[in-house]
Amino acid sequence: MFIKALCNKLSLTNDEFKKVNKTQKTLYKMKILANEGIHDSGKVALEQQGFEVLTTKIAPNQLENYINEYLVDALIVRNSTEVREELIDACPSLKLIAK
């Protein structure tokens, strides 16, 4: 149920990000970082909706750098990843945080 709701929420947003880069003719895929992992079926469901799902576990002190370097659009966390105001302010590419 959570993955379906997330897909529905992000699908609206993802259409905004499916822009063709006129100089490189590439399609932009919205990037989702599932920092504490995601069930295979959830990953597949998101990828079928056109999202790129990153499942690399990033240490808390490196999260800001990773999000900014890879231009992560959405962050899925569970219990051990704390998302504070400083992280949100420092990562302008973040559009959605889900727990």
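Residues numbered from 1 in each chain as written. Predicted model: local features only at pLDDT ≥ 70, side-chain atom pairs only at ≥ 80, totals over all residues. Heavy atoms only, no water.

Visitor: Provide a residue-level description of the overall build of the chain, including the pertinent values.
Guide: Each helix and strand counted, the chain has 4 helices and 4 strands in total. The order of α-helices and β-strands along the chain, N terminus first, is α-β-α-β-α-β-α-β. Within the chain, buried positions represent 38% of all 99 residues. Sequence-distant contacts in the chain: of pairs separated by 6 or more residues, those separated by 24 or more amount to 49%. Accessible surface, the chain as shown: approximately 6,500 Å² in total, 51% of it carbon and sulfur. (Helix = DSSP H or I, 4+ residues; strand = E, 2+ residues; numbered from the N terminus. Buried < 20%, exposed > 50% of the residue type's maximum accessible area, 1.4 Å probe, protein only. Contact = heavy atoms within 4.5 Å. Areas by Shrake-Rupley, 256 points an atom, 1.4 Å probe, with all protein chains shown as cover.)

Visitor: A description of the side chain of Asn35 should follow, citing residues and the corresponding values.
Guide: Looking at the element boundaries, Asn35 is found in the loop between strand S1 (31-34) and helix H2 (40-48). Given the relative accessible area of 2%, Asn35 is considered buried. Here the side chain of Asn35 touches Thr81 through a polar contact of 3.1 Å, side chain to side chain. Setting aside anything within four residues of it in sequence, one finds Asn35 in contact with Thr56, Lys57, Ile58, Leu63, Leu75, Ile76 and Thr81. (Polar contact = N/O pair within 3.5 Å; in protein donor to acceptor, adjacent residues only side chain to side chain.)

Visitor: Can you lay out the sheet that holds S1 for me, pointing to particular residues and giving the numbers?
Guide: Working definition: the strands of a sheet are paired by backbone hydrogen bonds and lie parallel or antiparallel to each other. On the basis of which strands lie adjacent, the open sheet formed by 4 strands has the order S2-S1-S3-S4 and parallel pairing. Of all strands in the sheet, those bounded by a partner on one side alone are strand S2 (52-54) and strand S4 (96-98). Across the sheet, the axes of successive neighbouring strands diverge by a mean angle of 20°, strand direction being ignored. (Pairing = 2+ DSSP bridges. Axes fitted to C-alpha atoms, helices over the stretch in contact; angles between N-to-C directions.)

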